[in-house]
Amino acid sequence: MDEAGPSSDVGEARPVAERDPQQVSNLVEVPRRSEGPGERFDADWVVDVALGFLGASIGGGLTVVRAVTESPVVRSAAEWRAPFVPARLQPTALLADLAVRGARHRVRVGRGVERLLDQWTPVVAELVLSRLDLTGIVTRHVDLDDVVRSVDIDAVVSRVDLDAIVGRIDLDAAVSSVDLDAAVEGVDIDAIAGRLDIDRVIDRIDIVAMVEEVIAAIDLPAIIRDSTGSMASESVRSARLTGIAADDAISRGIERHLFRRRRAPDAPDRP
Amino acid sequence: MNEVELSLVPVEARPYQGRSAGIVTRLVANTIDALLVGAALVGTYLGVVAFRFVVAPRDFTWQEPSWVWFVLGFFGMTVVYLTAAWWISGRTVGDHVMGIRVVTGKRTRLRIGRAFVRAVLCAVFPIGLLWCVVSRDRRAFHDVLLRTSVVYDWLPRPARSLPGTTLPQP
């Protein structure tokens, strides 16, 4: 034990004069009164003496209590029934009455203590915690990596409602704050395109089927007719369609006239 | 690629492709063909006259053609024209204008023999065309005899023009 004994178990304790009064203290930096150079006052020794005294007192008390409770004299006295004494004045009855009163007091005191603890514990804890550098304490004394390793992050993530979180995010505002032009300028699109195997992509596309669908959908003949603007082809098309319509009309008329109940198989429905 | 070729047909006419043509369309086509043959006949006559004038202008006299030769010439030219047209492409100029084609019962192009017989029948008995009005398959007299059909086919060239191939079934 040297003179720096009080600070030996708390690491680098600073002198009281250097401490910021606003940062009151933390648990490991509780200031202690500097001891005079001539004082032979060992704190550990005082604590040991106090603990020894306390232990001896508690041990003695327990011994006495045990001796009293286990004493056959006391037990016999508790169970002794005095002759010619009314039952309510018997020692047993008196002790039972005292026990009931004691139990009632104990309950009442217990409730009071609980009430006091409920009222004062938050206040005291707040006062104490406000004077502690909890972050520093945790940083120095807790192996956060070990703690994190013991956490089942997958289970935590699986319980998180990401949709709700994303729904609360204003993505438009977030995106608008991003300089996409600058980001795109930093991307070498040529290099990316150079790594693409375009041939494989094209091989996976059924271009013929796609073109056929497009041609079927856009009425290519109409576009060709419009682009060429051929009056002759338009007239021929009109004459052909007129002929088809006239054929159908005559077929229907002949069929009605001859009372045919069957429909001509070659006459399709009107488009 | 037949679907792509068929798509060249206007949308409103696609349902009719491959179906038998009716009397109106065929009459119009035949009329066009008759006018063409007549024009060719007149042109041939004028050409012969011009040739005679060039060869012997002094002895040239305008001769009215006899009706017998005119009818025979019209008949022969019609037979030759129809045979060649149906054998080569399955359609005459009138058929091409009206978008129809002559095919066999198996929807193939006619061979030259059947094309010739059909041409002769058409030239000799053109009124047989009217039978297609009452025929349930819209077949004319010569179609019934030779088992041929006239179908709508708007494509400029037959999609399956080679012998042994078939056109769309009605």
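Rules used in this analysis
- Residues numbered from 1 in each chain as written.
- Chains lettered and ligands numbered in written order.
- Predicted model: local features only at pLDDT ≥ 70, side-chain atom pairs only at ≥ 80, totals over all residues.
- Heavy atoms only, no water.
- Helix = DSSP H or I, 4+ residues; strand = E, 2+ residues; numbered from the N terminus.
- Buried < 20%, exposed > 50% of the residue type's maximum accessible area, 1.4 Å probe, protein only.
- Contact = heavy atoms within 4.5 Å.
- Areas by Shrake-Rupley, 256 points an atom, 1.4 Å probe, with all protein chains shown as cover.
- Axes fitted to C-alpha atoms, helices over the stretch in contact; angles between N-to-C directions.
- Parallel < 35°, antiparallel > 145°, perpendicular 65-115°, else oblique.
- Left-handed = near helix turned anticlockwise from the far one by under 90°.
- Nonpolar A, V, L, I, M, F, W, Y, C, P; charged D, E, K, R; others polar.
- Core = buried A, V, L, I, M, F, W, Y, C linked by side-chain atoms within 4.5 Å.
- Phe/Tyr/Trp six-rings, centres within 6.5 Å; stacked < 30°, edge-to-face > 60°.
- Lys NZ or Arg CZ within 6 Å of the ring centre and 35° of its normal.
- Salt bridge = Lys/Arg side-chain N within 4 Å of Asp/Glu carboxyl O.
- Expected span 1.5 Å × (residues − 1).
- Polar contact = N/O pair within 3.5 Å; in protein donor to acceptor, adjacent residues only side chain to side chain.
- pLDDT = per-residue confidence, 0-100.
- Lys, Arg positive; Asp, Glu negative; His and termini not counted.

So, on to the overall build of chain A. When its secondary structure is counted, chain A shows 15 helices and zero strands. In chain A, buried positions account for 11% of the 271 residues. Taking the intrachain contacts of chain A between residues at least 6 apart in sequence as the baseline, contacts between residues at least 24 apart amount to 33%. Carbon and sulfur atoms make up 61% of the accessible area of chain A, which totals about 22,200 Å².

Take the overall build of chain B next. Counting its secondary structure elements, chain B contains seven helices and two strands. When the 170 residues of chain B are sorted by exposure, 39% land in the buried category.

Attention now goes to unusual backbone geometry. All names here are of chain B. Positioned with a positive phi, Arg107 is a non-glycine residue whose angle comes to about 65 degrees. Summarising the element assignment, Arg107 is placed in the loop between strand S1 (100-104) and helix H5 (112-124). The phi angle at Arg147 is positive, at roughly 55 degrees, despite the residue not being glycine. Locating Arg147 in the fold gives a position in the loop between helix H7 (141-146) and strand S2 (148-152). For Arg147, a relative accessible area of 63% corresponds to the exposed category.

What follows is about the packing of helix H2 (residues 23-55) of chain B against helix H3 (residues 67-88) of chain B. Residues and elements named next belong to chain B. For the pair H2 and H3, the least separation of the axes is 10 Å and the interaxial angle reads 125 degrees. Regarding the angle of H2 to H3, the classification is oblique. The interaxial crossing formed by H2 with H3 has right-handed handedness. Here Asp33, Ala34, Leu36, Val37, Gly38, Ala40, Leu41 and Thr44 of H2 lie close against H3, whose contacting residues are Phe70, Gly73, Phe74, Met77, Thr78, Tyr81 and Leu82. Considering only residue class, the contact of H2 with H3 consists of 10 nonpolar, four polar and one charged.

The next point concerns the nonpolar core. In terms of nonpolar packing, the biggest core is built from 20 residues, with Trp86(B), Ile100(B) and Tyr152(B) touching the most fellow members. In contact with Ile100(B), other than residues within four places in its own chain, are Ala21(B), Thr25(B), Arg26(B), Ala29(B), Arg91(B), Asp95(B), Val150(B), Val151(B), Tyr152(B) and Asp153(B).

Scanning the entire structure with this criterion turns up five aromatic pairs over all chains. Look at Tyr16(B) and Tyr152(B): their rings are 6.1 Å apart centre to centre, the planes differ by 80 degrees, and that puts the pair in the edge-to-face class. With Tyr16(B) in the loop between helix H1 (2-6) and H2 and Tyr152(B) in strand S2, this pair connects stretches of sequence that are 136 residues apart. Looking at Tyr16(B), the relative accessible area reads 2%, which means it is buried. On the numbers, 5.2 Å between centres and 85 degrees between planes, the contact of Phe53(B) with Phe60(B) is edge-to-face. Since its relative accessible area comes to 44%, Phe53(B) is described here as partly exposed. Positioned above the aromatic ring of Trp154(B) is the side chain of Arg240(A), whose terminal nitrogen or guanidinium carbon lies 5.2 Å from the ring centre.

This model, assessed by the stated rule, comprises seven salt bridges over all chains. A salt bridge links Glu12(B) to Arg237(A), with the nearest nitrogen and oxygen atoms 2.2 Å apart. Residue Glu12(B) is located in the loop between H1 and H2, and its partner Arg237(A) is located in helix H15 (residues 231-257); the two belong to separate chains. The class of Glu12(B) is partly exposed, set by a relative accessible area of 27%. A salt bridge links Asp143(B) to Arg118(B), with the shortest nitrogen-to-oxygen separation between them at 2.6 Å. In this pair, Asp143(B) sits in helix H7 while Arg118(B) sits in helix H5, placing the two residues 25 residues apart along the sequence.

Once that is clear, we can look at helix H13 (residues 207-218) of chain A. With 12 residues, H13(A) extends 16 Å from end C-alpha to end C-alpha; this agrees with the ideal 16 Å at 1.5 Å per step. At the exit of H13(A) stands Asp219(A), carrying a positive phi of roughly 55 degrees.

Residues and elements named next belong to chain B. Its location among the elements puts Arg91 in the loop between H3 and helix H4 (93-98). For Arg91, a relative accessible area of 6% corresponds to the buried category. With 59 residues separating them along the chain, Arg91 and Val150 place their C-alpha atoms 9.3 Å apart. Within the local environment of Arg91, its side chain forms a polar contact with the backbone oxygen of Asp153, the two atoms lying 2.5 Å apart. For Arg91, the side chain forms a polar contact with the main-chain oxygen of Leu155, separated by 2.9 Å.

Residues and elements named next belong to chain A. Here chain A averages 78 in pLDDT, and 77% of its residues register 70 or above. At the low end of the mean pLDDT range in chain A sits helix H1 (residues 5-8), at 43; at the high end sits helix H4 (residues 91-130), at 91. Across residues 1-17, where pLDDT falls below 50, the model places 12 contacts with residues more than four positions away in sequence or in other chains.

All names here are of chain B. Buried within the structure, Arg91 lacks any salt-bridge partner; Asp153 is the closest side chain of opposite charge, at an N-O distance of 5.2 Å. At 3.3 Å, the side chain of Arg91 forms a polar contact with the backbone oxygen of Ile100. Beyond its immediate stretch of four places on either side in the chain, Arg91 contacts Ala85, Trp86, His96, Gly99, Ile100, Arg101, Asp153, Leu155 and Pro156.

Residues and elements named next belong to chain B. Viewed as axis vectors pointing N to C, H3 and H5 meet at an angle of 140 degrees, and their least axial separation amounts to 8 Å. With respect to each other, H3 and H5 are oriented oblique. Between H3 and H5 lies a crossing whose hand is right-handed. The segment H3 lies against H5, with Phe75, Thr78, Val79, Leu82, Thr83, Trp86 and Trp87 engaging Ile112, Ala115, Phe116, Arg118, Ala119, Val120, Cys122, Ala123 and Val124. Residues belonging to the contact of H3 with H5 are distributed by class as follows: 13 nonpolar, two polar and one charged.

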